Amino acid sequence: MPLDTTAVPAALRRKRRRERARTLAFLSPWLIGFGLFFVYPLVSTVYFSFMKYDGFTPPTFNGLKNWDYVFNHYPFFWQGLRNTLWLVVVMVALRVVFGLGIGLLITRIKAGAGFFRTAFYLPYLAPPVAATMAFAFLLNPGTGPVDHLLGDLGLPQPGWFNDPSWSKPALTMLAMWGIGDLMVIFMAALLDVPREQYEAAELDGAGAWQKFRYVTFPNISPIVMFAVVTGVIQTMQYYTQAIVAGKVASGVIGGSGQQFEPGYPHGSTWTLPQMVYNLGFQRFDTGSACVVALVLFAISMAVTSLLLRRRSAFFSD
């Protein structure tokens, strides 16, 4: 009896369709979440960036007017962009270096390691608003104990959150105080470095710096990259600490009818996420807020892509 050659391809096609359907069924929860919480908001943001929309009346197309307003007429955009990039470069770098240093220190402590792990991790658990308010009161130039101590030691007494040149360093100090998350991640990576490699390096006469450079860092470089990338993404969304510090330092903690200068003092703590809130929810200019959100998204993607593509250059042995 001759073999039906058309039946074999048909059976293969049916099998492949079943496999594709099974694969899509397993992927469907992720695909639905990705579509609802990423693709749809992104497409909507692009759409509204070309619309005049206040959240109450139907949107109307107005071309590139929102983009022109944000880049050429919105008074806070360029200063906020510079502040955000400053925080990304300085805050992320210092947090990674400080977190790695604390992790190295604690992994080498013989006695009391548990106490120090707890002491450095607890500040990370503090609510951001409470931690920022505490820092603002501690660093208050008039009544704060930090400046009083610096004065007793004969050292300069900065204005901290009331001084435009010190407000971002003060926010960076706050971020380094809550370093517990990076400390735990780096400790796990450091404890996973093979001991045999350290022993081999010691036999070759390597010192502490050579062991860190040629043994420790190559093994933990993926974790360092993870910390840098996630730090960039988080800092590009920096909002709560900056606005709370500005309000506390300016005396506007709460209550209706109080005037607050955005980015106090003198726009030094003004960031891109604050612009999105200011334009979208205070000025009811949804189109311009979407423009700023897209700029924020584009910069985050560009910086993250650059870091991932240049990983071999940044973390070469």
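Definitions and cut-offs
- In this numbering scheme, every chain counts its residues from 1 along its sequence in written order.
- At least 70 in pLDDT is required for a residue's local features to be given in this predicted model, at least 80 for side-chain atom pairs to be given and counted, and no such filter applies to totals for whole chains, interfaces and linings, which use all residues.
- Hydrogens and waters are ignored; side-chain quantities use all the structure's heavy atoms.
- Put simply, DSSP H or I for four residues or longer makes a helix, DSSP E for two residues or longer makes a strand, and each gets a number counted from the N terminus.
- It is over C-alpha atoms that the radius of gyration is taken, and the globule rule equals 2.2 Å times the number of residues to the power 0.38.
- Partly exposed describes any residue whose relative accessible area lies between the buried limit of under 20% and the exposed limit of over 50%, with all areas from a 1.4 Å probe on protein chains only and scaled to the type maximum.
- Throughout, a contact is declared for two residues whenever any of their heavy atoms are within 4.5 Å.
- Working convention: axes come from line fits to C-alpha atoms, limited for helices to the stretch in contact. Angles between N-to-C directions cover 0 to 180 degrees.
- Comment on the angle field: the value is read as roughly parallel under 35 degrees, roughly antiparallel over 145, roughly perpendicular from 65 to 115, and oblique elsewhere.
- Handedness of a crossing is defined here by the sense of rotation of the near helix relative to the far one, left-handed for an anticlockwise turn of less than a right angle and right-handed for a clockwise turn.
- As a working rule, the residues Ala, Val, Leu, Ile, Met, Phe, Trp, Tyr, Cys and Pro are called nonpolar, Asp, Glu, Lys and Arg charged, and the rest polar, with Gly in that last group.
- Only residues whose relative accessible area exceeds 30% and that form no salt bridge are eligible for patches; like-charged ones are grouped when within 9 Å, while nonpolar side chains (Val, Leu, Ile, Met, Phe, Trp, Tyr) are grouped when within 5 Å.
- Shrake-Rupley sampling with a 1.4 Å probe provides the accessible areas, and residues are treated as covered by the protein chains on show and by no other component.
- Here, a salt bridge means any side-chain nitrogen of Lys or Arg that lies within 4 Å of a carboxyl oxygen of Asp or Glu.
- Think of it this way: a Phe, Tyr or Trp ring, Trp meaning its six-membered ring, pairs with another when their centres are within 6.5 Å, and the plane angle makes it stacked under 30 degrees, edge-to-face over 60, tilted otherwise.
- We count a charge as sitting over a ring when the NZ of a lysine or the CZ of an arginine lies within 6 Å of the ring centre and within 35 degrees of the ring normal.
- The criterion is simple. A nonpolar core is a set of buried Ala, Val, Leu, Ile, Met, Phe, Trp, Tyr and Cys residues joined through side-chain atoms within 4.5 Å.

1. Focus: the overall build of the protein chain
Scanning the protein chain from N- to C-terminus turns up 14 helices and two strands. Whereas a compact globule of 317 residues would reach a radius of gyration of roughly 20 Å, the protein chain reaches 26 Å, over 25% beyond that. Principal-axis analysis of the C-alpha atoms places the extent of the protein chain at approximately 105 × 75 × 30 Å. With 317 residues in all, the protein chain has 36% of them scored as buried. Looking at the protein chain alone, contacts between residues at least 24 apart form 68% of all its contacts between residues at least 6 apart.

2. With respect to the packing of helix α5 (residues 128–138) against helix α11 (residues 240–250)
The axes of two packed helices give the description: the angle between them and the distance between them. It is at 9 Å that the axes of α5 and α11 come closest, and there the two elements cross at 40°. Considered as vectors, α5 and α11 are oriented oblique to each other. As for how α5 packs across α11, the hand of that crossing is right-handed. Contacts between α5 and α11 involve P128, V129, T132, M133, A136 and F137 from the first element and T240, Q241, V244, A245 and V248 from the second. When its residues are assigned to classes, the contact of α5 with α11 shows eight nonpolar, three polar and no charged.

3. Re a nonpolar patch on the surface
Side chains of L24, L27, W30, L31, F34, F38, V39, V43, F297 and M301 sit close together on the surface and give an oily, nonpolar patch of about 890 Å² of accessible area. When contributions to the nonpolar patch are tallied by element, the ones reaching two or more residues are α1 (7–48) and α13 (286–309). Its place among the elements puts F297 in helix α13.

4. Quick word on the packing of aromatic side chains
Tallying each qualifying case throughout the model produces 22 aromatic pairs. Centre to centre, the rings of W160 and W166 are 5.2 Å apart; their planes meet at 70°, and the pair counts as edge-to-face. Overall, the relative accessible area of 6% leaves W160 in the buried class. By the ring-pair criterion, three or more aromatic residues cluster together here, those being F50, W67, F71, F77 and W78. Its end group placed over the ring of W86, K168 keeps NZ or CZ at 5.7 Å from the ring centre.

5. Focus on the nonpolar core
With 38 residues, the main nonpolar core has F77 and V96 as its most contacted residues. Mapped by element, the contributors of at least two residues to this core are α3 (77–107), α8 (180–191), α9 (195–203), α10 (208–236), α12 (272–282) and α13. Looking at this core element by element, the count peaks at 10 residues for α10. The contact partners of V96, leaving out residues within four places of it in the chain, are L182, F186, V224, A227 and V228. Counting 21 residues, the second largest nonpolar core, distinct from the first, contains M91, A170, V244 and V248.

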